[in-house]
Amino acid sequence: MKARLVPPILEVRDLRKFFPVPGGGFGPRQAVRAIDGVSFTVERGQSYGLVGESGCGKSTVARCIVGLLTPDSGRITVEGEALTTGRSARGRRLHRSVQMVFQDPFSSLNPRLAIGTTLAEPLAIAGGLSRAQIRARVAELLREVGLPENAAAKFPHEFSGGQRQRISIARALALRPPLIVADEPVSALDVSVQAQILLLLDGLRIEHDLGLLFISHDLAVVRNFCQRVAVMYLGRIVEEGPVERVFADPKHPYTLALRDSSLPPDPAARDRLARIEGEMPSAIDPPKGCHFHPRCPRRMPICSVEAPAWTPFADGGVACHLHPPPDATVTPANRGT
Ligand code: SF4
């Protein structure tokens, strides 16, 4: 295999993050297994969706990547360099190369700072620019996100939700990072505004050749916006691949149910659509074997005993006993029903 000349914008390998559960007693210490061995790759200029129900661990992945959380183990590299958690100059530089757009733009903006000051802050901290250059860059950022220059003198409460999200995106772009992590960036917005913000992000991705990690619970949004997608369930990726293939031909029963729940309502198709029953189990004590088996309409005896291995495809992969790896000892013929 040829060595690649340009490293991917983001590589996440075998990431783990458990949160200890506070409590007394003398039993074994319990932990929320928020991320349990997550790996994926985002290429330059690519929009990559990380999708799953609330509590699946996708936001914890995002927070580890931008340095808001320290992973227990695993490796995160940006443009081939490992992210470090310390306060070294190299660590700070690498973390500057990843910026985040949050779900709620209002709480992520300081209400006491004018927008111009909010946008100038990271530029002043980074250094190297005169005051006039910072003012010019702030005006450029506002133009890039479709806001007038006089927005710089206003405060967050003077803007609509969509405009505030544009300001958050401008702040994320300030240091020209190669990678932006957007955690549910449109789910707090009206449907009519959602499309405008997605179009803006997509235009910026193309113009700046950005890598975009797009965290969402909504497979339909991811389908329209991303090139690749990873589906997470209870701390693990269960399916990964190009959005068109995953949406058209989901291999994992959970992906199928997510896909069907994202389709427009159609009473005629109601009985044909896959549905997931029940709630996602606790990440403190996840089900043995396949974590999805208590809710899976296609579960088999092996599913509650053995965790499925990752089966790679030419364009992605899946973790499900319905699709065992070619060299697996458990095959469709012997897995039992
Ligand atoms: Fe369902 Fe079994 Fe596949 Fe899990 S491994 S998704 S329980 S069929």
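A quick note: this is a predicted structure, and the numbers were derived from the prediction, not measured.

Thresholds, definitions, all that
Residues numbered from 1 in each chain as written. Predicted model: local features only at pLDDT ≥ 70, side-chain atom pairs only at ≥ 80, totals over all residues. Heavy atoms only, no water. 1 Å grid on protein atoms, 1.4 Å probe; cavity = no way out; pocket = protein on both sides within 12 Å on 5 of 7 lines; lining within 4 Å. Points joined across faces, edges and corners; volume = space filled by probe spheres on them. Helix = DSSP H or I, 4+ residues; strand = E, 2+ residues; numbered from the N terminus. Nonpolar A, V, L, I, M, F, W, Y, C, P; charged D, E, K, R; others polar. Near = heavy atom within 4 Å. Sits in = over half its atoms within 2 Å of the grid points. Pairing = 2+ DSSP bridges. Contact = heavy atoms within 4.5 Å. Axes fitted to C-alpha atoms, helices over the stretch in contact; angles between N-to-C directions. pLDDT = per-residue confidence, 0-100. Salt bridge = Lys/Arg side-chain N within 4 Å of Asp/Glu carboxyl O. Buried < 20%, exposed > 50% of the residue type's maximum accessible area, 1.4 Å probe, protein only.

Put simply, the second largest pocket is a space of about 480 Å³. Along the walls of the second largest pocket sit 24 residues, with Gly-37, Ser-39, Ile-237, Val-238 and Trp-310 positioned nearest its centre. When contributions to the lining of the second largest pocket are tallied by element, the ones reaching two or more residues are β2 (31–42), β9 (228–233) and β10 (236–242). Considering every element that reaches the lining of the second largest pocket, the biggest residue donor is β2, with 6 residues. A breakdown of the residues in the lining of the second largest pocket according to their chemical character gives 13 nonpolar, 5 polar and 6 charged.

To continue, consider the site of the ligand. Near the ligand, the surroundings consist of 13 residues, among which Cys-290, Cys-296, Cys-303, Cys-320 and His-321 are the closest. For the ligand, the cavity whose grid points lie within 2 Å of the majority of its atoms is the largest cavity. Among the residues forming the shell around the ligand, the class breakdown is 8 nonpolar, 3 polar and 2 charged.

Now for the sheet that holds strand β1 (residues 10–20). Strand order in the open sheet made by the 4 strands is β2-β1-β4-β5, with antiparallel pairing throughout. Here the strands that pair on one side only, and so sit at the sheet edges, are β2 and β5 (81–82). Of the strand pairs in this sheet, β1 and strand β4 (residues 73–78) are connected by 5 bridges, and their pairing is antiparallel. In the sheet register, Leu-10 faces β4, and the bridge partner there is Val-78. Against the sheet, helix α1 (residues 58–65) engages β1, β2 and β4, with an angle of about 65° to β2.

Before going further, it helps to examine empty space enclosed by the protein. Going through the model one piece at a time under the given rule, you end up with 1 cavity of 30 Å³ or more. Counted as a void, the largest cavity has a volume near 70 Å³. Along the walls of the largest cavity sit 13 residues, with Cys-290, Cys-296, Cys-303, Cys-320 and His-321 positioned nearest its centre. Classifying every residue of the lining of the largest cavity by side-chain character gives 9 nonpolar, 3 polar and 1 charged.

Bringing the confidence of the model for the protein chain into the picture now. Summary statistics for the protein chain give a mean pLDDT of 88 and a share of 88% for residues scoring 70 or more. Within the model, pLDDT remains below 50 along residues 330–337, and this stretch shows 15 contacts once partners closer than five positions in the same chain are excluded.

Quick look at the sheet that holds strand β11 (residues 310–313) now. Strand pairs in the sheet, formed through backbone hydrogen bonds, run parallel or antiparallel to each other. Taken together, the 8 strands give an open sheet; going across it, the order is β6-β7-β8-β3-β9-β10-β12-β11, and neighbouring strands pair in mixed fashion. Each edge of the open sheet is held by one strand with a lone partner, namely β6 (98–101) and β11. Put simply, the sheet's adjacent strands are angled 20° from each other on average, direction ignored. The sheet contact formed by β11 and strand β12 (residues 316–319) spans 4 bridges and is antiparallel. Its bridge partner lying in β12, Phe-313 is registered against Gly-316. Together, β3 (47–51), β9 and β10 form the strand contacts of helix α10 (residues 253–261), whose direction differs from that of β9 by roughly 110°.

This part takes up the pattern of salt bridges. It is possible for side chains of opposite charge to pair when their charged atoms get near one another. Following the criterion strictly, the structure yields 18 salt bridges and no others. The salt bridge partner of Arg-16 is Asp-14, with a shortest N-O separation of 2.8 Å. For Asp-14, a relative accessible area of 39% gives the class partly exposed. Here the salt bridges do not stand alone but share partners, grouping Asp-14, Arg-16, Arg-33, Asp-36 and Arg-236 into one network.

Attention shifts here to the environment of Trp-310. Position of Trp-310 among the secondary structure elements: in strand β11. For the pair Trp-310 and His-321, spaced 11 residues apart in the sequence, the C-alpha separation amounts to 9.4 Å. Apart from the residues within four sequence positions on either side, Trp-310 is in contact with Ile-237, Val-238, Glu-239, Glu-240, Gly-317, Val-318, Ala-319 and Pro-325.

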